[in-house]
Amino acid sequence: MWATAAGERAAGRLAAAWPERTRVYAGASVRESLAAAFAGCERVVCFLATGATVRLLAPLLGDKASDPGVVCVDEASRFAVALLGGHGGGANALAEEVAGVLGARPVVTTATDARDLPGLDTLGLPVEGDVAGVSRAVLDGEPVRLAQDTGWPLPALPPNVAADAAGPSLLRVSDRAVPPSPGTAVLRPPSLVVGVGASKGAPAEEVHRLVLDALAGAGLSASSVAALVTAEAKAGEPGVLATAERLGVPLRTYPARDLAAVRVPNPSDAPLVALGTPSVAEAAALMGGGELLVPKRKSAPEGRAAMATCAVVRRPVRGRLAVVGLGPGARDLLTPRAKDELRRAAVLVGLDQYVDQIRDLLRPGTVVIESGLGAEEERARTAVAQARAGRAVALIGSGDAGVYAMASPALAEAGADIDVVGVPGVTAALAAGALLGAPLGHDHVSISLSDLHTPWEVIERRVRAAAEADLVVTFYNPRSRGRDWQLPKALALLAGHRAGSTPVGVVRNASRPDESARVTTLAALDPGSVDMMTVVTVGNTATREIAGRMVTPRGYRWQSTEAGR
């Protein structure tokens, strides 16, 4: 909502940028529009003065757990102010997004953000208890004792939050039902899995009540339930679906044959006859391993037979490994997702020169493990070992971590005992291609000329195949002091299948301050001008130099038809 023409124009820009996300409130008075938006939206953007917005919001406020986040944009679209619900309501993140669209400056005044400290409600876990009191202790640098009933991979925490800290404030990580007390905040890890079985037509209230009673009876918190699990045959059972929705967790299902292979303490003939497995609730809950906290129990409806069963398992603690591509070097080519993962990590592992690129983005307290060139396997093993110890780890690589980088050796080491997340990045080939024009407009291949890990015979066979297939070729690791003959040999192989006039792009340090890019030809390229910081892109037989740029036609029939007219 807005009060002026300038505000209306800015609102229109935002709505045009986010057509699927925005609902425009206009037509009524500003007061009525804001009240309607506040009641109907999770986040609200006001194009009004902050004072006016505060006065209009005052009678609408409830509590921070339920109020939407509100961002206020000034008349000239200079600032996007996170006014209400910074963390819980998402206003801080929204202010950043709105500022990006309008070219404004985000204004975030939340104390933890201003001090670059993690808010307890930004650690990726539900938090309960004396959140304000413990947050204040964290901000003031007072000792806050960290107690983990179940170890869980947390982001980096400030030095004053530690297991051996001695003070009145306590940050507890627990899936147990903890009575509230002053000075104690509780983070709820997603450590519990609830298995359910249900007869056809089992009422939602019966299934839901059974689950809640099972959790309460074992002294467990429903906030730590990660998933509801059952047999595939029960995937569409309304009572099961409704229970998952009420708990706010996903429903996962398993084939009966897989459930039948799980050893359980309380098998039964009834599901074996009906579904082909002697257990549903216990077997489904135990599918991923873990500790059976609540063995199978049945519902107890008054006046009739039970129609639901459930079991609760505490799943094993799993470390988290994020393999993060940093892009080619420029900060603005580092993706938002990569930044988020760097902030989420408690441990960062990487090549020292890459760590230097992003050191300022890390949370205070992040443990950094860095090493020099040539230690890729060691870094991969270190990162996996840290994740296996139950930590949140980020392993970084340049470009895309899955392209000639750290993902391959890391995933060769990682087993099914840790969670692995891949974060894509802009590759050197893409960054170079953008500087050169459009050399990758049709089928293309990337080939590394380094024979440190791959025999030259294999590399040569791949170059020869690319030459015969008329693919655009991007050469990584083209030439070093100790490897000065591979690039001339590869170029000679290509020259046997395409003309000497074929355009060749040579890009060094793409996207970095000292970047350079030039277009030459296959016959004119001097291999001596190339080093390990260079990417060489050789066009195919259709690639042309147009206005100093490399262009590879897409090759669709309609293009040739248009060209012939």
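Keep in mind the model is a prediction, meaning the values are calculated, not measured.

What counts as what
Residues numbered from 1 in each chain as written. Predicted model: local features only at pLDDT ≥ 70, side-chain atom pairs only at ≥ 80, totals over all residues. Heavy atoms only, no water. Pairing = 2+ DSSP bridges. Helix = DSSP H or I, 4+ residues; strand = E, 2+ residues; numbered from the N terminus. Axes fitted to C-alpha atoms, helices over the stretch in contact; angles between N-to-C directions. Contact = heavy atoms within 4.5 Å. Disulfide = S-S within 2.5 Å. Buried < 20%, exposed > 50% of the residue type's maximum accessible area, 1.4 Å probe, protein only. Phe/Tyr/Trp six-rings, centres within 6.5 Å; stacked < 30°, edge-to-face > 60°. Lys NZ or Arg CZ within 6 Å of the ring centre and 35° of its normal.

A.B. asks: Could you clarify how one ought to interpret the sheet that holds strand β25 (residues 534–538) in this entry?
C.D. replies: Each strand in a sheet pairs with another by means of backbone hydrogen bonds, the pair being arranged parallel or else antiparallel. The mixed open sheet is built from 5 strands, whose spatial order is β21-β22-β25-β23-β24. Each edge of the open sheet carries a strand with a single partner, namely β21 (444–448) and β24 (516–521). When the angles between neighbouring strand axes are averaged without regard to direction, this sheet yields 20°. Two strands pair when backbone bridges link them, and β21 and strand β22 (residues 472–476) are joined in this way by 5 bridges, in the parallel orientation. Across the sheet, serine 446 pairs through a bridge with threonine 474, a residue of β22. Against the sheet, helix α16 (residues 428–436) touches β21, β22, β23 (503–508), β24 and β25, its axis set at about 115° to β23. The sheet contacts of helix α18 (residues 486–495) involve β22 and β25, and relative to β22 the element is tilted by about 175°.

A.B. asks: Sorry, what's going on with the sheet that holds strand β26 (residues 544–546) here?
C.D. replies: Reading across the sheet, the 3 strands line up as β20-β27-β26 and stay open at both edges, with mixed pairing between neighbours. The open sheet has two edge strands with one neighbour each: β20 (437–438) and β26. Across 3 bridges, β26 lies against strand β27 (residues 549–551) in antiparallel orientation. Of the residues in β27, the one forming a bridge with isoleucine 546 is arginine 549.

A.B. asks: What is the right way to read the state of the cysteines from this model?
C.D. replies: One way to say it: the disulfide is the covalent bond shared by the sulfur atoms of two cysteines. Within the structure shown, the criterion is met by 0 disulfides. Not engaged in a disulfide, the cysteine cysteine 46 finds its nearest cysteine sulfur in cysteine 72; these two sulfurs lie 5.9 Å apart.

A.B. asks: Would you mind showing me how to read unusual backbone geometry here?
C.D. replies: What is expected of a backbone is that most residues other than glycine have negative phi and most peptide bonds are trans. Of note, the phi angle at asparagine 509 is positive, near 55°, even though the residue is not glycine. Its place among the elements puts asparagine 509 in the loop between β23 and β24. Take asparagine 509: its relative accessible area is 8%, and that puts it in the buried class. Here alanine 547, not a glycine, exhibits a phi torsion of approximately 55°, which is positive. Structurally, the position occupied by alanine 547 is in the loop between β26 and β27.

A.B. asks: Help me out: how do you make sense of helix α8 (residues 238–247) in this one?
C.D. replies: Because an α-helix completes one turn every 3.6 residues, residues spaced three or four positions apart along the sequence face the same direction. Gly239, Val240, Ala242, Thr243, Ala244 and Leu247 are the residues of α8 that are buried. In the core, the buried residues of α8 are packed alongside β10 (192–198), α7 (204–217), β11 (225–231) and β12 (251–254). Positive phi appears at glycine 248, one or two residues downstream of α8, with a value of about 70°.

A.B. asks: Looking at this structure, I do not really get the packing of aromatic side chains. What am I missing?
C.D. replies: A complete count under the given rule lists 2 aromatic pairs for this structure. Aromatic pair tyrosine 404 and tyrosine 476: ring centres 4.7 Å apart, planes at 55°, arrangement tilted. On the criterion of sequence distance, the pair formed by tyrosine 404 in the loop between β18 (392–397) and α15 (407–413) and tyrosine 476 in strand β22 is long-range, its members being 72 residues apart. Taking relative accessible area as the criterion, tyrosine 476 reaches 11% and is therefore assigned buried. Taking the centre distance of 5.0 Å and the plane angle of 70° together, the rings of tryptophan 456 and tryptophan 485 count as edge-to-face. Within this pair, whereas tryptophan 456 is found in helix α17 (residues 456–468), its partner tryptophan 485 is found in the loop between β22 and α18, the two being separated by 29 residues in sequence. Relative accessible area serves as the criterion here: at 10%, tryptophan 456 is assigned to the buried category. Exposure remark for tryptophan 485: the relative accessible area of 43% places this residue in the partly exposed category. Here the guanidinium or amino end of arginine 21 rests over the ring plane of tryptophan 18, the centre of that ring lying 4.2 Å away.

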